[in-house]
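# What the coordinates show
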Amino acid sequence: MVCVRVVQLAVLACLAHAIPATEVLSYLLTAPQSPKLPIGTNFTATCFIKNTTEVTADDLFWRLAQKQIPKEQYRKISDTALNVTFLVTEETPRWLFCFSNKKSAHVQLNSEKYLHGIFIKKDYFPKKPKNLTCIAKQKKDIISPIIHCEWEPKHLRHWDFSTEYTVHLNIHAYKSLNFSTNESSADINTEVFPNFMTLDIWVEAKNALGKVESDRLTVEANSLTKTDPPSHINIISENIFSKSLLLNWTRPIDKTRLNLIYEVRFASEGSENWSYVPQADTNFDIQSFRLQNLRPYTVYITQVRCKNERLGYWSDWSDSSSKRTPASKPTGKPDVWQIVSESEASDGYQVQLLSKEPELANGEIIRYEIRIQDYKEKRQNNASEWETVRVTGNRSEITELKNVHLTDQTTHIAKVVAVNSEGKSPEATIVIPGKEHALSPVEMLKVSSEGRKLCVEWSAPNTSGISEFVVQWANHNVFDWQREKRNTRKAYIQGDFESFVRYNVSVYPLYWIGWIGKPTHIEAYLEQGAPLNGPTKIISKPKCKEAHLTWEGIPLEKQRGFITNYTIFYNDGTKTEGMCHIIKRIDHFSFIMTFLVFAAVTVGSNTFSYTLKNLARDTRYETWIGASTIKGSTNGSSHSFSTLKYAPDEIEGIVVAVSLCFLFVVVLAMLICMYKRDVIKKSFWPEIPNPGESTIGTWSPDYPVKAETPSESCLSGISVLDVDVYDGKSVFEEDKSCLPLKKDKYMSEEHSSGIGGSSCMSSPRQSVSDSDEGGDMADTTASTVQYSSVVASSGYKGQTPSLQPQQAVFSRSESTQPLLESEEHPDMLPLEGSRQSQRFHHLGLSHCQGNSDNPNQLEMEAKALDFCPVEEDSEEMSADGQPDEWLASGPISSYMPQLGGYRQQ
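The notes below deal with the structure included here. Chains are numbered independently. Their residues run from 1 in the order of the written sequence. For a predicted model such as this one, the threshold for reporting local features is a pLDDT of at least 70, and the threshold for listing and counting side-chain atom pairs is 80 or more; totals across whole chains, interfaces and linings nevertheless cover every residue. Values shown for side chains rest on all heavy atoms present in the structure; no hydrogens or waters enter the calculation.

### Considering the overall build of the protein chain
The test is simple: Strands here mean DSSP runs of E at least two residues long; helices mean DSSP runs of H or I at least four residues long; both are numbered from the N terminus. Contacts are residue-level and defined by heavy atoms, with any inter-residue pair within 4.5 Å sufficient. Residue-level accessible areas treat just the shown protein chains as cover; the underlying method is Shrake-Rupley with a 1.4 Å probe.
Looking only at helices and strands, one finds 15 helices and 55 strands in the protein chain. Counting contacts in the protein chain only where the partners sit at least 6 residues apart, residues at least 24 apart contribute 69% of the total. Here the protein chain displays about 50,700 Å² of accessible surface, and carbon together with sulfur accounts for 51% of that area.

### Some details on the layout of surface pockets
Put simply, the rule reads: Throughout, the protein atoms alone are placed on a 1 Å grid, and a set of points is a cavity if a 1.4 Å probe fits but cannot get out or a pocket if it is open with protein on both sides within 12 Å along at least five of seven lines; lining residues have an atom within 4 Å of a point. Grid points are joined across faces, edges and corners, and a volume is the space filled by probe spheres set on the points. For this scheme, ten residues count as nonpolar: Ala, Val, Leu, Ile, Met, Phe, Trp, Tyr, Cys and Pro. Four count as charged, namely Asp, Glu, Lys and Arg, and the remainder, Gly too, count as polar.
Taken as a whole, the largest pocket holds about 1,100 Å³ of empty space. In terms of lining residues, the largest pocket is bounded by 36 residues, among which Lys-356, Glu-357, Pro-358, Glu-359 and Leu-360 are the most central. For the lining of the largest pocket, the elements supplying multiple residues, two or more each, are strand 28 (335-342), strand 35 (428-432), strand 38 (466-474) and strand 41 (502-511). Its residues assigned to classes, the lining of the largest pocket shows 14 nonpolar, nine polar and 13 charged.

### Looking at the environment of Tyr-165
Rules: The buried label goes to any residue with under 20% of its type's maximum accessible area, the exposed label to any with over 50%, and the partly exposed label to all in between, with areas taken from a 1.4 Å probe on protein chains only.
Relative to the helices and strands, Tyr-165 resides in strand 14 (residues 164-171). Given the relative accessible area of 2%, Tyr-165 is considered buried. Along the backbone, Tyr-165 and Ser-185 are 20 residues apart, and their C-alpha atoms lie at a distance of 8.9 Å.

### Topic: the sheet that holds strand 5 (residues 67-68)
Note: strands within a sheet are paired through backbone hydrogen bonds, in either parallel or antiparallel orientation. The cut-off we apply is this: Should DSSP find at least two bridges between two strands, the strands are regarded as paired.
Read across the sheet, four strands follow the order 5-4-8-9 without closing on themselves; strand pairing throughout is antiparallel. Lying at the two open borders of the sheet, with one neighbouring strand each, are strand 5 and strand 9 (115-119).

### So, the side chain of Ser-628
Inspection of the secondary structure puts Ser-628 in strand 49 (residues 620-629). For Ser-628, a relative accessible area of 11% gives the class buried. Excluding residues that lie within four positions of it along the chain, Ser-628 makes contacts with Phe-562, Ile-563, Thr-564, Asn-565 and Ser-633.

### Description of the state of the cysteines
Cysteine pairs can be covalently joined through their sulfur atoms, and such a bond is termed a disulfide. Definition in use: Put simply, a disulfide is two cysteine sulfurs that come within 2.5 Å.
Using the criterion set out here, one finds two disulfides in the structure. Here Cys-47 connects covalently by a disulfide to Cys-98, the sulfurs 2.1 Å from one another. When the S-S torsion is -80 degrees, as for the bridge of Cys-47 with Cys-98, the disulfide is left-handed. Of this pair, Cys-47 sits in strand 3 (residues 42-49) while Cys-98 sits in strand 8 (residues 95-100), and the two are 51 residues apart along the sequence. For Cys-134, the disulfide goes to Cys-149, at an S-S distance of 2.0 Å. Note on the Cys-134 and Cys-149 pair: the S-S dihedral is about 110 degrees, so by sign convention the disulfide is right-handed. Highlighted residues: Cys-134 in strand 11 (residues 130-139) and Cys-149 in strand 13 (residues 146-152), separated in sequence by 15 residues. Assessed through its relative accessible area of 1%, Cys-134 is described here as buried.

### Concerning the pairing of strand 17 (residues 198-207)
Burial analysis of strand 17 places eight of its 10 residues in the buried class, the great majority of the element. Of the strand pairs in this sheet, strand 14 and strand 17 are connected by eight bridges, and their pairing is antiparallel. Paired with His-168 across the two strands is Trp-202, which belongs to strand 17. Pairing between strand 17 and strand 19 (residues 217-220): four bridges, direction antiparallel. Among the inter-strand pairings, Leu-199 is bridged to a residue of strand 19, identified as Val-219. Sheet topology places strand 17 next to strand 18 (residues 210-213); four bridges connect them, and they run antiparallel. In the strand pairing of strand 18, Asn-207 is matched with Gly-210.

### Structural notes on the pattern of salt bridges
When the charged atoms of two side chains with opposite charge come close together, those side chains can pair. Inclusion rule: When a carboxyl oxygen of Asp or Glu lies within 4 Å of a side-chain nitrogen of Lys or Arg, that pair is called a salt bridge.
As enumerated under the stated definition, the model contains 19 salt bridges in all. Of the charged contacts in the structure, one is a salt bridge between Glu-263 and Arg-305, with a shortest N-O distance of 2.7 Å. On the criterion of sequence distance, the pair formed by Glu-263 in strand 23 (residues 260-268) and Arg-305 in strand 26 (residues 299-308) is long-range, its members being 42 residues apart. According to the relative accessible area criterion, Glu-263 is buried, its value standing at 12%. Taking relative accessible area as the criterion, Arg-305 reaches 18% and is therefore assigned buried. A salt bridge links Lys-543 to Glu-546; the shortest N-O distance between them is 4.0 Å. A relative accessible area of 46% means that Lys-543 is categorised as partly exposed. Each member of the salt-bridge network shares a partner with another, and the members are Asp-58, Lys-76 and Asp-79.

### What to know about the nonpolar core
As a reminder, the rule being used: Residues belong to a common nonpolar core when they are buried Ala, Val, Leu, Ile, Met, Phe, Trp, Tyr or Cys residues joined through side-chain atoms within 4.5 Å.
Grouped together as the largest cluster of nonpolar side chains are 40 residues, with contacts concentrated most on Ile-147, Leu-169, Leu-199, Ile-201 and Leu-291. Excluding residues that lie within four positions of it along the chain, Ile-201 makes contacts with Leu-132, Cys-134, Cys-149, Val-167, His-168, Leu-169, Asp-215, Arg-216, Leu-217 and Leu-224.

### Overview of unusual backbone geometry
Geometrically, the link from Ala-31 to Pro-32 is a cis peptide bond, its omega value of -5 degrees lying close to zero. With respect to the helices and strands, the residue Pro-32 is situated in the loop between strand 1 (28-31) and strand 2 (36-38). The residue after Glu-152, namely Pro-153, is reached through a cis peptide bond having omega 10 degrees. When you line up the elements, Pro-153 lands in the loop between strand 13 and strand 14.

### Regarding the packing of aromatic side chains
Aromatic ring pairs: the centre-centre distance and the angle between the two ring planes describe each pair. Heads up, the condition is: Any Phe, Tyr or Trp ring, taking Trp's six-membered ring, that has another such ring centre within 6.5 Å forms a pair; planes under 30 degrees apart are called stacked, those over 60 apart edge-to-face, and the others tilted. Charge-over-ring contacts are defined here by two conditions on Lys NZ or Arg CZ: a distance within 6 Å of the ring centre and an angle within 35 degrees of the ring normal.
In the structure shown here, the tally under the stated rule is 21 aromatic pairs. When the centroid spacing of 6.2 Å and the interplanar angle of 55 degrees are considered together, the rings of Trp-473 and Phe-497 count as tilted. Linking Trp-473 in strand 38 with Phe-497 in the loop between strand 40 (490-492) and strand 41, this pair joins segments that are 24 residues apart in sequence. Each of the two residues, Trp-473 as well as Phe-497, counts as buried. Joined through ring pairs, the aromatic side chains of Trp-95, Phe-97 and Phe-119 make up one cluster. Over the face of the ring belonging to Trp-202 we find Arg-216, whose NZ or CZ atom lies 3.6 Å from the ring centre. We note Arg-265 situated over the ring of Trp-274; from NZ or CZ to the ring centre the distance is 4.3 Å.

Okay, here's the thing in structure tokens:
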């Protein structure tokens, strides 16, 4: 190793010495230049400094392309030399540079002189060629003189220098041929194919790094031949041999040139599995062969190929030829099955019998013969008649045999025979038990999707006697079944299934002699997807604060999967505007946006109605329903409804409450009217005293005095009557008890409106001139009616009144009693004058007819009034309605309604 380093340094020194200083373009020099490196080996390069002391080896760096090599891979040889070692790989760049990055002005200004590089040429050592094969193909009627040879490796790497291959072919005792190429194959022209001669063939691989040879191939020239396939394949079908076909063909090359052997293969039409005739049966130079043990009435495809009998290459297979074998009597039973559907009758069910052609039909099935009988009759050998069913469809289709109505209690047995042109098949038997006699079903049934197939798994029932299983599948337009062996627990359904279509899969156990057990059903999809649409028909029944929604399920063909749940979205209509466009444009986030804008309720897949609660009154709501599967969800069309302002029960309650209140008020009013009828009568229809009934009209000398003897202590005179206009009550009705009058008051009333009063008055009112009430009474005079009574004194204590004129005495009262009708209608005065005077006269004297318990009081009142009561009254009047003349003999004041005031007579 040391010697190598010394030699390397010496060479570098010589190189550096040989270059004149004036011709130096760089202060650095690298070695070796343009090396040819084998990939996978280590390479060492050296960089040394010349003609400058500006830099030293410590200032040098190595860079492989654009990546600087770590200093750990450097080795300093001297102050002016530095080498680097690295592994050469396929990824190694082709340029290696040595440079200096010293921070001096001279180096920075002349950086291009402190840089030098090596261009690396790399490649692999040539690999030994392997698997050398040579072939000579047939050309027209002879073997081509061109021999084609191939070897490995097949793929070459293209570098600046590549491997060159030389093919050597040596014909023993004749000549040698060489052919060079850069590929992994070559064609060698021998001018004339060397039949029956021995050949030596090998390949030499060489590049700049070395060379290597392949193993030698020593063969007979005829073993390299490959002929064309046999031609004119002819197949003959013989009716007497229903299970065989006769093949004939033509050899591709003359027998004098090559001895050939053959190979035959065949397959039924539609099958991908070929059957090969044993080589021992065709290892001869023949041109015909009979295929045996074939299925009758089956189309077979055949092919033939050939080769040299001594280590030659098989020719390609001939073109396919097909032929149907002759028909024969069916050897297989028809595949009979049933479809059970509930009958409209309550005492049974409907069964539809179906059949597929026998697997070994051996001909075209033209009809079926079927016989159905009770299982008990079968045991009693009471055979029924056979029925014939003609076949009209293709052989691959399912044939409907018969629809039968069976009872729940009776077990039936069906026998079916398939018939072709050559005969009948064996009988197929199926036992259809009544529902009461059905045997145990399979357990733990499940279906999964594997690729484009449905895989069915089940557990057998804990019973014995199972002969096989039947797997049945169906959808809206497909129905089929297949049979599995008794020990099968997992099966792939042999059918073409569609995605997003629901299939109903059933497994039936079959017991001895075809007795059918109870089925187990399950639904499955090959592939699920989101529904095509959500519920579209929504019916709402809104109330005040809730709404009952009802919708229809999605049709089966639009579900595209198992519905996992329904989601009800709703909100009032005012919040939906402005968000619809956002949801439509942002489809990816529509589901999230829906939950942000609308309230949502999720219900089960079997729920088709829901009641939304806690809604606002008298509000319009927008709602729609989304249907979901495991693969996604789809929303249905929107629906609007408005809640009620009042609930029906609320309106009825209000009506009932108002009616009850009204009825209560009416009843209460009636009760009040009944219990307070007197008060109401007095309030609305007051009792107004009738002046016409007064005794003043009878005060006449000529009028006889009544036989009524007044009390001795009664004071005769005129009482003061005050009638209140508002309450409509007279003084007499207010208090019937007699109260003593105050003497000093009556004596002081010089301007009294009345001249006397009965000792029986309960509360005599003061006149307008009373000094103690002057201001208050002035306000009420406007609403009072002034009454006056005329009193003619007849003397005291029964004395006869004098006919002498006396000073008139006025008795006046202030009353709130409204005017009488005669005062409001003066034109009726002449008719009512007499009654009015009588009424007022009676009012003035009515209270003086009783007995007084205080004679002194009566005497004092008589003196004060200076008159005596009249014992008898007269109602006689003049013709003009005025009192008689005798009434004017004393100082009498009479109230005249027709004049609206007082008059003195």
